[in-house]
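Next come the chains, spelled out residue by residue.
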Amino acid sequence: MKNRLKVLRAERDWSQAELAGRLDVSRQAVNAIETGKHDPSLPLAFRIARLFEMGIEEIFDDEA
Amino acid sequence: MTTPDQFEEEAEFSHTRYWLHLIGWSVLLTVVLIGGILVGVGLKNLLNGGDTSDILFVVIGTPIVAVSGYFCWRWFPDFTMGEPHTARGNRIRWLLVAVVGVGIATAFPIILSDSEQRATEILFSNGPMPFWPAITAISIWAIAMPFLILFGRRNSDEHGRAAGDFGMMVGFQVFGYAAPIWWMGWRAEVFPQPDVMILFIVTGVISSIATLWKRSS
């Protein structure tokens, strides 16, 4: 699944570690999500959406 | 607004660096452990008489412990490997320390009893063990492991849990494949008697490799 996590992170000048800390996941998890190697669970997708104050479908795209 | 091109210079997560760090620390801790075992076994035997090989154990083991211990102390604080300092992350790091501690605490009575019997195979010998070292090792393992497993499960993030589940699945399938073949082969007198420790180690190693591969892929 494609996502805009890397772009959204960059807009806020956050490192992967910083984003991982805000989401309470490992940096490896953030890296895996950004590169599309791991699809986050629904609870984590909601946490990401809330953190960026956006809708889930604005961040993740299952049709790309 | 920052565009993706502007942050390409940020140090991205490097699996190579991560695993080199992890392997380096594992090797260093193993060297400390081996040195410590050499010194411990040598000193114990010397106190009970001992011979030239025990003096050699102490002479070789002491500088190994001193040098590797010094590097452990110098490099110690950074176990984070780029991971954020969160309460959950710190709990996971302490879990790793606890796993190593339980491993050493379980192995120590076994190694001591094997060295007393002058067993040629240390730790994974199938020779008889005296009652109290065996009960000590069993108790430490039996009481600590369920807590450590539960603690690890509760404090892993979903990516780590998914990798762990994959590793366990691969490990169990290897066990499910190999164990009946060995058992049937033994009954047909083609193979030696199944050895539970060999199965434990082989499935454990394969499971760990599968977990690490899944985490980094």
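Parameters and conventions
Residues numbered from 1 in each chain as written. Chains lettered and ligands numbered in written order. Predicted model: local features only at pLDDT ≥ 70, side-chain atom pairs only at ≥ 80, totals over all residues. Heavy atoms only, no water. Helix = DSSP H or I, 4+ residues; strand = E, 2+ residues; numbered from the N terminus. Buried < 20%, exposed > 50% of the residue type's maximum accessible area, 1.4 Å probe, protein only. Core = buried A, V, L, I, M, F, W, Y, C linked by side-chain atoms within 4.5 Å. Phe/Tyr/Trp six-rings, centres within 6.5 Å; stacked < 30°, edge-to-face > 60°. Lys NZ or Arg CZ within 6 Å of the ring centre and 35° of its normal. Axes fitted to C-alpha atoms, helices over the stretch in contact; angles between N-to-C directions. Parallel < 35°, antiparallel > 145°, perpendicular 65-115°, else oblique. Left-handed = near helix turned anticlockwise from the far one by under 90°. Contact = heavy atoms within 4.5 Å. Nonpolar A, V, L, I, M, F, W, Y, C, P; charged D, E, K, R; others polar.

A.B. asks: Looking at this model, I keep getting lost on the environment of Gly-176 of chain B. Mind explaining?
C.D. replies: Residues and elements named next belong to chain B. Relative to the helices and strands, Gly-176 resides in helix 5 (residues 158-187). Among the residues examined, Gly-176 registers a relative accessible area of 40% and is labelled partly exposed. The sequence separation of Gly-176 and Thr-203 amounts to 27 residues, and the corresponding C-alpha distance is 9.7 Å.

A.B. asks: Would you take a moment to explain the nonpolar core for this structure?
C.D. replies: The tendency in soluble globular proteins is for nonpolar side chains to be buried side by side. All names here are of chain A. Residues Leu-5, Leu-19, Val-25, Ile-48, Phe-52, Ile-59 and Phe-60 are the most contacted members of the largest nonpolar core, which totals 18 residues. When residues of this core are traced back to their parent elements, those giving at least two are helix 1 (5-11), helix 2 (16-23), helix 3 (27-34), helix 4 (42-52) and helix 5 (56-59). Here this core takes five residues from helix 4, the largest share from any one element.

A.B. asks: Would you mind showing me how to read the packing of aromatic side chains here?
C.D. replies: What characterises a pair of aromatic rings is the spacing of the ring centres plus the angle enclosed by the ring planes. Residue and element names in this part refer to chain B. Counted under the stated rule, the structure contains seven aromatic pairs over all chains. Ring centres of Phe-131 and Trp-132 lie 4.9 Å apart, and the angle between their planes is 80°; on these two criteria the pair is classed as edge-to-face. The two residues Phe-131 and Trp-132 agree in class, both being exposed. Here the aromatic rings of Phe-166 and Trp-213 are separated by 5.9 Å at their centres, their planes lie at 40°, and the arrangement is tilted. Here Phe-166 is found in helix 5, whereas its partner Trp-213 is found in helix 6 (residues 196-216), with 47 residues between them in sequence. Judged by relative accessible area, Phe-166 falls into the partly exposed class, the value being 22%. Through successive ring pairs, a cluster of aromatic residues spans Tyr-70, Phe-71 and Trp-73. Sitting above the plane of the Phe-166 ring, Lys-214 keeps its charged end 5.0 Å from the centroid.

A.B. asks: Looking at this structure, how should I read the packing of helix 2 of chain A against helix 4 of chain A?
C.D. replies: Two packed helices can be described by the angle between their axes and the distance between those axes. All names here are of chain A. Where helix 2 meets helix 4, the axes come as close as 10 Å, and the angle between the chain directions of the two elements is 110°. Compared by their axis directions, helix 2 and helix 4 come out roughly perpendicular. When the axes of helix 2 and helix 4 are compared, the crossing they make is right-handed. Residues Leu-19, Arg-22 and Leu-23 of helix 2 lie in contact with helix 4, whose contacting residues are Leu-44, Arg-47, Ile-48, Leu-51 and Phe-52. When the residues that make up the contact of helix 2 with helix 4 are grouped by side-chain class, the tally is six nonpolar, no polar and two charged.

Keep in mind these numbers describe shape, not what the thing actually does.
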